[in-house]
Amino acid sequence: DAGVIQSPRHEVTEMGQEVTLRCKPISGHNSLFWYRQTMMRGLELLIYFNNNVPIDDSGMPEDRFSAKMPNASFSTLKIQPSEPRDSAVYFCASSSQGKDYGYTFGSGTRLTVV
Amino acid sequence: RKEVEQDPGPFNVPEGATVAFNCTYSNSASQSFFWYRQDCRKEPKLLMSVYSSGNEDGRFTAQLNRASQYISLLIRDSKLSDSATYLCVVTTRSSASKIIFGSGTRLSIRP
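All of these numbers come straight from a predicted model, not from anything done at the bench. All residue numbers here refer to positions counted from 1 along the written sequence of the relevant chain. Key to labels: chains lettered from A, ligands numbered from 1, both in the order written. Totals for whole chains, interfaces and linings use all residues, but because this is a predicted model, local features are given only for residues with pLDDT of at least 70 and pairs of side-chain atoms are given and counted only at 80 or more. No hydrogens and no water enter the side-chain calculation; it runs on all heavy atoms of the structure.

Description of the overall build of chain B
- Helices and strands together make up the secondary structure of chain B, namely zero helices and 11 strands.
- For the purposes of this entry, the term helix denotes a DSSP run of H or I that reaches at least four residues, the term strand denotes a run of E that reaches at least two, and both are numbered from the N terminus. Each helix (α) and strand (β) of chain B, taken in turn from the N terminus, gives the series β-β-β-β-β-β-β-β-β-β-β.
- Taking 2.2 N^0.38 as the reference for a compact globule, 111 residues should give roughly 13 Å; the C-alpha atoms of chain B span a radius of gyration of 14 Å, in line with that estimate.
- Reported as C-alpha extents along the three principal axes, the dimensions of chain B are approximately 45 × 30 × 25 Å.
- Considering chain B as a whole, with its 111 residues, one finds that 46% of them fall into the buried category. Throughout, radius of gyration means the C-alpha value; the globule benchmark is 2.2 Å times the number of residues raised to the power 0.38. Categorising residues by exposure relies on relative accessible area from a 1.4 Å probe, with only protein chains included: less than 20% of the type maximum marks a residue as buried, more than 50% marks it as exposed, and the intermediate range marks it as partly exposed.

Pasting the structure below:
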């Protein structure tokens, strides 16, 4: 089991640049979640997909953020244009719905916007 | 008031001690509860689910108190390797399921 795979592990970019984060969920999991973690705000759910369909994007900070899931094995989170306050660790997690489903997280992408 | 609240700690206890911390939630419709563990600069990992009847996994015991709307985690005979941040997760199953992470409780075990 390869787990949830995120890329890149680290990203340093200049303010105003476009940033794309990638996630491959665990095969067979039908729910995918994007989280952001900072010291100040903790873990925040940005958006989640069920069967590739966005269900709740109320956590997406603003229009600069967008997420897609074109198929069951791939999702992207895009920030355009990026700002220094977007600096955080972005986690992707997946789960299979069931009575006791838990979430398996990827290793995260540490984003620094300078 | 936050939907899920945890004491941020840090809890600093000696090796071998028993330590317990709680997590309170505000939505009485919450249905699923979990404890996650997060090591420094790592991703959160599922520690255990919390069932209505409570559950135990080795040195770890989780309890749910629906009447008072809190979950608890008890760690017996603590080890140095238990040092981490413990996050509680509360989910609400509805047409738009909400998944809320607590901000975490930091635990530090000293030799």
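A word on the overall build of chain A
- When helices and strands are tallied, chain A shows zero helices and 11 strands.
- Shown N-terminal to C-terminal, the secondary structure of chain A runs as helices and strands in the order β-β-β-β-β-β-β-β-β-β-β.
- Against the compact-globule benchmark of 13 Å for 114 residues, chain A has a radius of gyration of 13 Å, which places it among compact chains.
- For chain A, with 114 residues in total, the buried portion stands at 48%.
- Of the contacts formed within chain A by residues at least 6 apart in sequence, a portion of 54% connects residues at least 24 apart.
- Of the roughly 5,700 Å² of accessible surface on chain A, 49% is carried by carbon and sulfur atoms.
- Think of it this way: Lys and Arg go in the positive column, Asp and Glu in the negative one, and His and the chain ends go nowhere. Every charge is mapped to an atom, namely NZ of Lys, CZ of Arg, CG of Asp or CD of Glu. Each charge class in chain A can be summarised by its mean position, and for the 11 positive and 12 negative side chains these summaries are 4 Å apart. Note on definitions: a residue-residue contact is assigned when non-hydrogen atoms from the two residues lie within 4.5 Å. Accessible areas in this description were obtained via Shrake-Rupley with a 1.4 Å probe; residue shielding takes into account the shown protein chains only.

Re the pairing of strand E9 (residues 84–92) of chain B
All names here are of chain B.
- Burial analysis of E9 places nine of its nine residues in the buried class, the great majority of the element.
- Here E9 shows a buried face lined by Ala84, Tyr86, Cys88, Val90 and Thr92 and a second buried face lined by Thr85, Leu87, Val89 and Thr91.
- At least two DSSP bridges between two strands are required for those strands to pair. Direction of pairing for strand E4 (residues 32–38) relative to E9: antiparallel, over a ladder of seven bridges. Counted as the bridge partner of Gln38 is Thr85 from E9.
- In this structure, E9 lies alongside strand E11 (residues 105–110), joined through three bridges in antiparallel fashion. Residue Thr85 lies in a different strand from E11, and its bridge partner there is Arg106.

A look at the interface of chain A and chain B
- Across the boundary between the two partners, chain A contributes 17 residues, which contact 19 residues of chain B.
- We define buried area as the total accessible area lost by two parts upon association, computed with a 1.4 Å probe and summed across both. When chain A packs against chain B, the two sides together hide about 1,600 Å² of surface, and 54% of this comes from carbon and sulfur.
- In what follows, salt bridge is the name for a side-chain nitrogen of Lys or Arg lying within 4 Å of a carboxyl oxygen of Asp or Glu. Linking chain A to chain B there are zero salt bridges.
- For the side of chain A that touches chain B, the secondary structure elements donating two or more residues are strand E4 (31–38) and strand E5 (42–50) of chain A.
- Considering only residue class, the side of chain A that touches chain B consists of nine nonpolar, five polar and three charged. Residues are grouped as follows: nonpolar covers Ala, Val, Leu, Ile, Met, Phe, Trp, Tyr, Cys and Pro; charged covers Asp, Glu, Lys and Arg; every other residue, Gly included, is treated as polar.

With respect to unusual backbone geometry
- Residue A:Pro81 follows A:Gln80 across a cis peptide bond; omega there is -5°.
- Its location among the elements puts A:Pro81 in the loop between strand E8 (74–79) and strand E9 (88–95).
- Going from B:Gly9 to B:Pro10, the amide bond is cis rather than trans, its omega being 10°.
- Note on placement: B:Pro10 falls in the loop between strand E1 (4–6) and strand E2 (11–14).
- The phi torsion at A:Asn51 lies on the positive side, around 50°, for a residue other than glycine.

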